[in-house]
Amino acid sequence: MKQLELTIPNATGLHARPAKAFVKLVKKFKSSVKIEHGSKVVNAKSMISVLTLGVKHAGVIRVLIDGADEQAAAVAIEEAVRTGLGEPLDHAPAPAQKGKSAAPPPPPRVNPNLIQGIAASQGIAIGPIFKLERGEVVVDGVFEGIAPEKSKLQSALSEARRAIEALAQKTTETVGEEEAGIFEAQIELLEDPDILEEVQAGIANKQSAAVAWKQVVLARAETLSQVSDPLLAARSADMRDVGQRVLAILAGQKSGMAALPDTPIIIIADDLSPSDTVSLDKSRVLGFCTASGGPNAHSAILARALGLPAIVGAGDGVLELENGTAVVLDGGSGELTLRPSVEKIAAAQAEQAKLTQALEAAQAAAADAAITIDGTRVEVVANVGGVADAELAYESGAEGVGLLRTEFLFMGREEAPSEDEQFEVYRDVVTALHLQPVIVRTLDVGGDKPLAYIDVPEEDNPFLGERGIRLCLNRPELLKEQLRAIIRAAKFGKIRIMFPMVSDISELLQAKQMVADVCDELSAPMVEVGIMIEVPSAALMADVLAPHVDFFSIGTNDLTQYTMAIDRMHPIMAKQADGLHPAVLRLISQTVKGAHAAGKWVGVCGELGADVKAVPILIGLGVDELSVSAPAVPAVKAQIRGLQLADAEKLAQKALQCATAQEVRSLG
Ligand code: PEP
Ligand code: MG
């Protein structure tokens, strides 16, 4: 047993980065290593445990090392801590020691030039900041009579609607259909009957249209922003966005963003509305950092889709910065470095060049197959929400569609789309893929995605209730109509059908029988049928299910949620719902084994498929296909081309033996 007493020299103590370096180093040794600090003793191979010690600058830790290689470990640990665990140290001379009494530790030094926000969209931006300040819309309180005010309101709503529709159209063309859905949801807000009723009541009470609108809409937005559900909080930003737009029209002002300088800038704002974000001119705006907002905010989603480096939730401090302050914004780590040194700028430029080069190389090779160095081909396909996404997927080098989320066709409307309407969309998606395979997932609603025209009784636990295939099997007419539309579209390309949320073989057999019946009715050949593996029971029973399907596709978003019992949108817990948790990986491994034993292939269509850390592990577990968002296709393909299957397999086996997702993430 070896013991070391060490003082942590790092300015911010044993925080994330040095702690990670410490844990990584310790893991190289077989010996058990513990850290004692104050009254706590923790395993030094666990990052979370090391972080929970909260060791500050100049804090003293005792390291207890026990095992065959303890001598080598002690030497390496002592040296690594002394030299700052990979961080540059402040070399100010240490205070002179007087006699035996230790000098009081200096106060922890907070780096005044570093602001830590939430990483929202990868990439590095270097440049001066420009604060986007939104002027209050001056509201006209003059009441001209009930009829004129009502008519002013009506025409402002129509004008706002036209503007939002144009924005949705632009977003569909430049970003994608799913993202354009953000604006379609805004149109719903414009038409919300409760809001309109309240505004009309205000007008009836002799308020001008502008005053009534402002009161009602801003009050609603405020209430929504107070709730802890991140989805609802995002709706509050939409409500403000829509509210401001209508208000500006009523006040006869130009809505939208203040004029930006002509030179490249990094935007700092309290928050950015979705319309602000899609309207950003990428030739001038290098990135943005907001004081509020979270990674699920629409501005963050849009930034990722636009490839714009972004940090959110950086705190009000960023609003105090002076316009023109030079910064380095790292959207991958969430760090905003103020007044960077020449060295910092050079390092950021080098990193930026590396990222750009890698992206350009990946894009140039986007159409090529993804084959590992040792010759294993992995299909990389795309998750799409409609025809425009499908076109983008084809252009991005996707080898097909691994998941067509058909629910987008069914959402935001008063009644279900007709069979013909559905048929046309499915046919156009297949056509856009030029005969490459398209997996159409049948309607996956219920739970988090309720529909106005499908009556699902109030449920205490909607995620455990009538969701996905369960809801459709309970409403066979709805499913049958969709299956007819899909089978008719199958004539135009290669369609496969996939059922969501299958948790029991009886659901699969029933749904598959419906496909066979519809094919008979339409005198069409049977199509391939697969299921999503997103409920632990299905993963555990993969060997039993496999003989009845043509393929599996693992929905890691839901599989993680149901395995970890963490709501995937939970404001506090969702961070811990990591698909790289060994429990989820073990289920994926079991699914692959079950499928391969029956000669069937397995895809992954959850977010995990595009996670840089997950790609080698999934390939190493034997996954045959990755389905990711269209813009991610080139990078995922490029990553696969740099892998050796044998190494990936070893990594996957190690991951299965880890205790936590953090441990898995620190492998390799
Ligand atoms: C999943 O659950 O991983 C999945 C791809 O389906 P969705 O995200 O649409 O629920
Ligand atoms: Mg799912």
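A few points on the structure. (Residues numbered from 1 in each chain as written. Chains lettered and ligands numbered in written order. Predicted model: local features only at pLDDT ≥ 70, side-chain atom pairs only at ≥ 80, totals over all residues. Heavy atoms only, no water.)

### Focus on the overall build of the protein
- Secondary structure assignment for the protein yields 25 helices and 21 strands.
- Burial statistics for the protein: of 668 residues in total, 47% are counted as buried.
- In the protein, the share of contacts with a sequence separation of at least 24, taken over all contacts with a separation of at least 6, comes to 69%.
- When the accessible surface of the protein is split by element, carbon and sulfur atoms take 54% of a total near 30,800 Å². (Helix = DSSP H or I, 4+ residues; strand = E, 2+ residues; numbered from the N terminus. Buried < 20%, exposed > 50% of the residue type's maximum accessible area, 1.4 Å probe, protein only. Contact = heavy atoms within 4.5 Å. Areas by Shrake-Rupley, 256 points an atom, 1.4 Å probe, with all protein chains shown as cover.)

### Considering the coordination of the magnesium ion (ligand 2)
- Binding of the magnesium ion (ligand 2) to the protein goes through Glu534 (OE) and Asp558 (OD), at separations of 2.1 to 2.2 Å. Here Glu534, found in the loop between strand 18 (528-533) and helix 18 (536-540), pairs with Asp558, found in helix 20 (residues 556-564); they are 24 residues apart in sequence, far enough to count as distant.
- Classification of Glu534 by relative accessible area gives buried; the value is 2%. (Donors = N, O, S within 2.8 Å, 3.2 Å for Na, K, Ca; no water.)

### A closer look at unusual backbone geometry
- With a phi close to 70°, Lys206 is a non-glycine residue in the positive phi region.
- If you trace the backbone, Lys206 turns up in the loop between helix 6 (193-204) and helix 7 (209-226).
- On the basis of relative accessibility, which here comes to 61%, the residue Lys206 falls in the exposed class.
- Even without being a glycine, Met501 presents a positive backbone phi close to 60°.

### Here we look at the environment of Pro437
- Inspection of the secondary structure assignment puts Pro437 in strand 16 (residues 437-441).
- The exposure class of Pro437 is buried, given its relative accessible area of 15%.
- A sequence separation of 59 residues divides Pro437 from Arg496, and the C-alpha atoms of the two residues are 7.2 Å apart.
- Discounting chain neighbours no more than four positions away, the residues touching Pro437 are Glu399, Gly400, Val401, Lys494 and Arg496.

### A look at the pattern of salt bridges
- On inspection of all chains with the given rule, the structure shows 28 salt bridges.
- The salt bridge involving Arg161 is made with Glu165; its shortest N-O contact spans 3.0 Å. Of the two residues, Arg161 and Glu165 both sit in helix 4 (residues 146-174), 4 residues apart, roughly one turn of that helix.
- Here Arg161 falls in the partly exposed class, since its relative accessible area comes to 30%.
- Exposure remark for Glu165: the relative accessible area of 35% places this residue in the partly exposed category.
- Where Glu521 meets Arg484, a salt bridge forms, and the shortest distance between an N and an O atom there is 3.0 Å. (Salt bridge = Lys/Arg side-chain N within 4 Å of Asp/Glu carboxyl O.)

### Thoughts on the nonpolar core
- Phe499, Phe552, Ile588 and Leu626 are the most contacted members of the largest nonpolar core, which totals 92 residues.
- Beyond its immediate chain neighbours, meaning those up to four positions away, Ile588 contacts Ile554, Thr556, Leu559, Leu608, Leu618, Leu621 and Val623.
- Formed by 31 residues, the second largest nonpolar core is a distinct cluster that contains Leu189, Leu190, Ile195 and Ala221. (Core = buried A, V, L, I, M, F, W, Y, C linked by side-chain atoms within 4.5 Å.)

### With respect to helix 5 (residues 177-190)
- Look at helix 5: 20 Å from first C-alpha to last across 14 residues, which is about the 20 Å you get at 1.5 Å a residue.
- Residues Glu179, Ala180, Ile182, Phe183, Ala185, Gln186, Ile187, Leu189 and Leu190 constitute the buried set of helix 5. (Expected span 1.5 Å × (residues − 1).)

### Considering the packing of aromatic side chains
- Counting across every chain of the model gives 2 aromatic pairs.
- Consider the rings of Phe551 and Trp601, whose centres lie 4.9 Å apart with planes at 10°: the pair is stacked. Taken together, the positions of Phe551 in strand 19 (residues 551-554) and Trp601 in strand 20 (residues 601-604) put the pair 50 residues apart, joining distant regions of the chain.
- With relative accessibility at 0%, the residue Phe551 sits in the buried group.
- Residue Trp601 is classed as partly exposed on the basis of its relative accessible area, which comes to 22%.
- Between the NZ or CZ atom of Arg488 and the centre of the ring of Phe423, over which it lies, the distance is 4.3 Å. (Phe/Tyr/Trp six-rings, centres within 6.5 Å; stacked < 30°, edge-to-face > 60°. Lys NZ or Arg CZ within 6 Å of the ring centre and 35° of its normal.)

### Points about the sheet that holds strand 1 (residues 2-7)
- Here we have 4 strands laid out as an open sheet, ordered 1-4-2-3, and antiparallel in their pairing. Only two strands of the sheet have a single neighbouring strand rather than two, namely strand 1 and strand 3 (40-43). Here the average twist between neighbouring strands, direction ignored, is 25°.
- As judged from the 5 bridges shared by strand 2 (residues 32-37) and strand 4 (residues 60-66), these two strands associate in the antiparallel manner. Paired with Ser32 across the strands is Asp66, a residue of strand 4. (Pairing = 2+ DSSP bridges. Axes fitted to C-alpha atoms, helices over the stretch in contact; angles between N-to-C directions.)

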